[in-house]
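Working through the structure, step by step
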Amino acid sequence: MKKALFILFNLLAVAVVVQEKGRFEVYDFGNFQLHVYYTNDALGDASYIIEGKDALVTMEQPLFKENVHEFDSYLSNLGKMVEKRITDYHVGGTGSHDVVMAQGMPEFTKGEIYSGMMKGFAQAFGDALTDMPTGKASEVAFGTEQTWAGVTFAFGHGAATDFPGASILIGGKAYYTHWAPAKAHVSHLQVSSPAAIDAEIAEAEKAMNSGAKLFIGGHGGAAKRDAAEFKIAYLKKMKEVLGANGTAQDFVEGMKKAYPGLPGEAGLEDLGKALYK
């Protein structure tokens, strides 16, 4: 029992630092610490710092200027060299620093889909966005394991229907993918087709089998194993409700009945439209 309580304690945030805009949580995994930055921006983004003994690695640096300022100030106060900056699914405020990306992602960010999304953000948020990065992007092959700041980063394919970014197992303890699991209805941006349901189930099951103790994402932040278990059960239920209903409205009502009062209910209309288009 004492050992179990010790493990549980180490998985809890050991510190919470509140900023003017966002907040940081820190998780201690023994040989490294994971700093989770909740941006509280309009996109629900989260950014990360992996702190090894002598160096740092950043992941998914923020996109909005006020968050970039907070993140960079916090990063500087850690007083260690930044060995690598990982841009996985989200291009952010890395400035002129070089970044690493999963294989194929640098080209994808220049293509019509991703460029169109960024242009839409620019129109919606204007000067609130930071300048786009100008540093060199190098690629990491899927199925490889890198060691930076004394911590391992295992790069695997993300969900098959998502952008060609990576799911990354960090130090064997934290599993990063595009969307963190949450006890809430999923967004139509995450599940935008019936095929995406199966893809997300497969990815979630892969995460559960990775040995990770914490599950993190570019959207949502950090979650424990129970949230990952909920996500799998939820997606399987969604597939069942989809198969049993012929219209988007019937689907929406079916999901409300299956999960009464679950957060994110307002987004079910858009989810239904995506699945029945």
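Residues numbered from 1 in each chain as written. Predicted model: local features only at pLDDT ≥ 70, side-chain atom pairs only at ≥ 80, totals over all residues. Heavy atoms only, no water.

Points about the overall build of the protein chain
Within the protein chain, the regular secondary structure consists of eight helices and 14 strands. Scaling as 2.2 N^0.38, a compact globule of 277 residues should have a C-alpha radius of gyration of about 19 Å, and the protein chain matches this with 19 Å. Projected onto the principal axes, the alpha-carbon positions of the protein chain cover approximately 55 × 55 × 40 Å. Accessible surface for the protein chain amounts to roughly 13000 Å². Of this, 55% is attributable to carbon and sulfur atoms. Within the protein chain, the 33 negative side-chain charges are centred at a point lying 6 Å from the centre of the 26 positive side-chain charges. (Helix = DSSP H or I, 4+ residues; strand = E, 2+ residues; numbered from the N terminus. Rg over C-alpha atoms; globule rule 2.2 N^0.38 Å. Areas by Shrake-Rupley, 256 points an atom, 1.4 Å probe, with all protein chains shown as cover. Lys, Arg positive; Asp, Glu negative; His and termini not counted. Charge placed at Lys NZ, Arg CZ, Asp CG, Glu CD.)

A look at helix α6 (residues 225-244)
Taking 1.5 Å per residue as the helical rise, α6 with its 20 residues ought to reach 28 Å, and the 29 Å between its terminal C-alpha atoms agrees with that figure. Those residues of α6 that fall on the buried side of the exposure criterion are Ala227, Ala228, Phe230, Lys231, Ile232, Tyr234, Leu235, Met238, Val241 and Leu242. Buried residues in α6 make contact with β12 (174-179), α5 (194-208), β13 (214-219), β14 (221-223), α7 (248-258) and α8 (268-275). (Expected span 1.5 Å × (residues − 1). Buried < 20%, exposed > 50% of the residue type's maximum accessible area, 1.4 Å probe, protein only. Contact = heavy atoms within 4.5 Å.)

What about the confidence of the model for the protein chain?
Summarising the model, the protein chain shows a mean pLDDT of 93, and 94% of its residues fall at 70 or more. Note on residues 1-10: pLDDT under 50 across the span, and one contact to partners over four residues away in sequence or across chains. (pLDDT = per-residue confidence, 0-100.)

Considerations on the pattern of salt bridges
Counted under the stated rule, the structure contains 12 salt bridges. Measuring nitrogen to oxygen at the nearest pair gives 3.6 Å for the salt bridge that ties Lys21 to Glu66. Of this pair, Lys21 sits in the loop between β1 (13-18) and β2 (23-28) while Glu66 sits in helix α2 (residues 65-77), placing them 45 residues apart in sequence. Residue class for Lys21 comes out partly exposed when judged on its relative accessible area of 28%. Among the residues examined, Glu66 registers a relative accessible area of 45% and is labelled partly exposed. Residue Asp127 is joined to Lys65 by a salt bridge in which the shortest nitrogen-to-oxygen separation is 2.9 Å. With Asp127 in the loop between α4 (112-125) and β8 (137-140) and Lys65 in helix α2, this residue pair connects regions lying 62 residues apart in the sequence. Residue Asp127 is classed as exposed on the basis of its relative accessible area, which comes to 63%. (Salt bridge = Lys/Arg side-chain N within 4 Å of Asp/Glu carboxyl O.)

Quick look at the sheet that holds β14
Spatially, β9-β10-β11-β12-β13-β14 is the arrangement adopted by the six strands of the open sheet, whose pairing is mixed. Of all the strands in the sheet, the pair left with one neighbour each is β9 (144-148) and β14. Recorded for the sheet is a direction-independent mean angle of 25° between the axes of neighbouring strands. As paired elements, β9 and strand β10 (residues 151-157) share five bridges and run antiparallel to each other. What sits directly across from Trp148, in β10, is Val151. (Pairing = 2+ DSSP bridges. Axes fitted to C-alpha atoms, helices over the stretch in contact; angles between N-to-C directions.)

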